[in-house]
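Report on the structure
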Amino acid sequence: MTRLTSLSLFLLASVCAAADDPSVSFERDVRPLMKAACFQCHGEDGQLESGLDVRLARLMTTGGESGPAIVPGDSEGSLLFQRVRDGEMPPEEAHRLTDEQIDTIRRWIDAGAPTLRPEPEAIDGFYITEEERSHWSFQPIERPSVSSVRNVDRVRTPIDTFLLAKLEAQDFTFADDAAPASLLRRVMFDLVGLPPTPEEVERFIADESSDAYDRLIDELLASPHYGERWGRHWLDVAGYADSEGYNLTDAQRPHAWRYRDYVIRSFNDDKPFDRFVREQLAGDELITTPLDNLSDEDAELLTATGFLRMAPDGTGGAVDDANVARNDVVAETVKIVTSSLIGLTVGCAQCHDHRYDPIPQADYYRLRAVFDPAMDWKTWKAPKQRLVSLYTDADRAQAAEIEAEAKKIDAERTEKQTAFISATFELELAKLPEEIRETARAAHDTPEKERTDEQVALLKKHPSLNVTAGSLYLYDKKAADELKVLADKAKGIRDTKPEERFVRALTEPPGHLPVSYLFVRGDHEQPKQELEPAGLSVVSTNASLPEVPIDDDGFPTTGRRTALAKRLTDPNHPLLARVIVNRIWLHHFGRGLVNTPADFGVLGTPPTHAELLDWLAAEFIDSGWSVKHIHRLILRSTAYRQALRTDRTLMEADPDNLLYGSANLRRLDAEALRDAILTVSGALNDKSFGPAVSVIADRVGRWVLGIENLSAGRPGEVLPLHGEDLRRSVYVEVRRTRPLAVLDTFDWPRMAPNCDMRRTSTVAPQSLMLMNSDFVLNYASQFARRVEAEAGNEPDARITRAWQLAFCRSPDDSERASARSFLEEQTATFTSELPPPKDDKQPASPTAEQRALETLCQMLLSSNEFLYID
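Regarding the overall build of the chain
Summing up its helical and strand segments, the chain has 36 helices and 8 strands in all. If one aligns the C-alpha atoms of the chain with their principal axes, the spans along those axes are about 135 × 80 × 50 Å. Evaluated residue by residue, the chain yields a buried proportion of 51% over its 870 residues. By sequence separation, contacts in the chain at least 24 residues apart represent 69% of the contacts at least 6 residues apart. In the structure as shown, the chain presents an accessible area of about 39,900 Å², 52% of it carried by carbon and sulfur atoms. Taking the average place of the 102 positive charges on the side chains of the chain and the average place of its 143 negative ones, the gap between the two points comes to 3 Å.

Here is the structure:
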């Protein structure tokens, strides 16, 4: 019989113990605790304080300088347990284990320190356990079979079967369908971010055809406002901003808006999402025309790379350490890419191995190496150096022709100017005594630097002889005005040149292959081993995916980013499709199937309906990556069309509505609220695309829309915006240090570096803003004027119209009576407060009746029914 070594006996005993007591094991229960709190000092990167390695159970049994760390079967006699229990280890307060975690270690040791399987003889590099590889989000996407349910009459799309199966398992079912007006308001805010008009409500309610709702969805998906709404969602995770951030200088990005418009167009066009990803990661590697003569199509591809230029970037100005600032840009870019596309906190592996997910530090720098050729911190380009002109050869030729025409006018003007100056000089010279005229003429004709002291003195004595282009108007205003007409004419011609536009893009120098390194503790001044570009190791272990080359011969550049895009959009990649359909679900239901949309790792919440998530991901891929296809599936489902919950038993059993047994009450986000107020007041300017509407400080320091009048001091009078301030919120300047007050109060996201999910707060400043802000008061007044114009003078008609505009319904009898009484009381109050009539030449002040209606309209705009979607 073969003799067993003590190590073999330990392994065999441990595995047997795990089989006897499956409730606790090293791999599943203890190793994650050790990894989070202890690996950094005891095992990671060869670091073995006191000679102890805690990465394997058998290594703890072997122990370090103080002997065995654990004694299987005896927690009280185990040094590791004693140190942890007494709070001596880990030494950092932030890493101390909870009582529950300490008890897990105790139970594990007392159970014999079991493992689920024999441990490896040695650890070569970063060790990924079977448990880590089997995490749900790393598994291949496979389309599950559709569940069978009892209440098949409530099934409208396959989505319903997955949700209904879980509801029926607990003897529940879906809520009734929402009322048509409520459903219309819900779907319009969801798809286009705007409320329906009373006429749209009336038409939808009156349409009894079976496909009325489906046609509504198609109409909304075809609306240009759809891209404005859903483009904004993507801009959140992309970290879109019109300023550099990084420090308080927060320099503006005057050309970033082109990326915003690219995103809006892409959603409107239902661009296949895999293509959308490829363009953003590597649009510059897809172009076929030269950078100095881009076609319109290639200009769009280059604009897409603005995605990689959204991170805070202080390298265009003064910073404490330029190299730190450069590497910060790269690090924040990696965070944006990984949180938006793969839903993992990869940035946590920048300074050390990830504490919870199977992402070694080396993987972080392999992924960073994909971007190194284009973002090489040693050959860095500041933001202005990365701008690419969109001028084409045709533009340059046209500009040259126009310039030639303008120069003809310039020549004519110069000729006349010379003649005028000469004639004026002769007139002034003739006023001098005859005996000094020639001496004065010689002094005037001598170049200024060559004049003698006598000549300088003579001209100083007779300043009228100093006739120049700048002083000609003092002598001959008529001649100067003739010259000005010519100058204006030349300028007018030059103004017809094609505008030179620029795009904020990422490009990679051909043939540039910098060496990439792992940085010790994330410090660029401590490079360690060289690394080659690659994707995440844990993803590769479960799927066959395209590799990332060092240098692809098929491209003039390295082709690394194109390869990464192909890898992420490969149907075998487990993350991208899941992450995106989860985000789509989140924006329709108020929470994702995974409620941590940027963290599909160990610390993230697991999916409430894993099979549904996988079914949606598979459907997304099979549909050609069509976002609008997923919209249709969700919006047509019974789950989406439900009314708010009324089943108290279900509410008690499922208080967070994780079973989706009813609709969720959701508050309008910041942009939708502002846009809704503008819409209801009749003021909205629905102009699409173009430069951002600028944000400035008003006289009391609030951030408002306007153009600074820099010639009038700070703060000067705000220059008129000519209706630009009435545009949708997606076109408002996203200045990191200047959040528009009305949006900021209602949780407008701060891009640091991006926003993975909006958080909704309920705080006192929101009520104060709705009560006192100039924005709300102004548009409540415009709302009232609209009601007057559309409803006439009869109070009940005005009340009805106000309700229809604000709430998409008419008031009931009780509401109508209360509103009538309110208007009467407010009118009486304002009548007693009105000042005596002024001069007829003064602008008319609102009447008492008008002020009362304004107050009622402000109340409606501030009400929960207006602020929330049911």
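Regarding the packing of aromatic side chains
Overall, the coordinates contain 20 aromatic pairs when judged by the stated rule. The interplanar angle of 20° and the centroid separation of 5.9 Å between the aromatic rings of Tyr-262 and Phe-276 together place this pair among those described as stacked. Separated by 14 residues along the polypeptide, Tyr-262 in helix 12 (residues 257–268) and Phe-276 in helix 13 (residues 273–282) bring together distant segments of the chain. Each of the two residues, Tyr-262 as well as Phe-276, counts as buried. Following the ring pairs from residue to residue traces out a cluster consisting of Trp-234, Tyr-259, Tyr-262, Phe-267, Phe-273, Phe-276, Phe-307, Phe-620 and Trp-625. Over the aromatic face of Tyr-640 sits the side chain of Arg-186, whose NZ or CZ is 5.6 Å from the ring centroid. Sitting over the ring of Trp-380, Arg-386 keeps its end group 4.9 Å from the ring centre.

Thoughts on helix 25 (residues 610–622)
For helix 25, with 13 residues, the first-to-last C-alpha span of 18 Å sits near the 18 Å given by 1.5 Å per residue. Listing the buried residues of helix 25 in full gives Leu-612, Leu-613, Asp-614, Trp-615, Leu-616, Ala-617, Ala-618, Glu-619, Phe-620 and Ile-621. Buried residues belonging to helix 25 abut helix 7 (158–169), helix 13, helix 24 (576–589) and helix 26 (627–635).

Observations concerning the pattern of salt bridges
For the structure on display, the rule yields 74 salt bridges. Between Glu-131 and Arg-117 there is a salt bridge, with the nearest N and O atoms lying 2.7 Å from each other. In this pair, Glu-131 sits in helix 6 (residues 130–133) while Arg-117 sits in the loop between helix 5 (99–110) and helix 6, placing the two residues 14 residues apart along the sequence. In this structure Arg-117 comes out as partly exposed when scored by relative accessible area, which is 23%. Among the ionic pairs, Asp-675 bridges to Arg-728, the shortest N-O distance being 3.1 Å. Linking Asp-675 in helix 29 (residues 670–680) with Arg-728 in the loop between strand 7 (703–705) and helix 30 (741–744), this pair joins segments that are 53 residues apart in sequence. Neither Asp-675 nor Arg-728 differs from the other in exposure class; each is buried. Each of Asp-103, Arg-106, Arg-107 and Asp-110 takes part in one network of salt bridges that share partners.

Conventions adopted
- Residues numbered from 1 in each chain as written.
- Predicted model: local features only at pLDDT ≥ 70, side-chain atom pairs only at ≥ 80, totals over all residues.
- Heavy atoms only, no water.
- Helix = DSSP H or I, 4+ residues; strand = E, 2+ residues; numbered from the N terminus.
- Buried < 20%, exposed > 50% of the residue type's maximum accessible area, 1.4 Å probe, protein only.
- Contact = heavy atoms within 4.5 Å.
- Areas by Shrake-Rupley, 256 points an atom, 1.4 Å probe, with all protein chains shown as cover.
- Lys, Arg positive; Asp, Glu negative; His and termini not counted.
- Charge placed at Lys NZ, Arg CZ, Asp CG, Glu CD.
- Phe/Tyr/Trp six-rings, centres within 6.5 Å; stacked < 30°, edge-to-face > 60°.
- Lys NZ or Arg CZ within 6 Å of the ring centre and 35° of its normal.
- Expected span 1.5 Å × (residues − 1).
- Salt bridge = Lys/Arg side-chain N within 4 Å of Asp/Glu carboxyl O.

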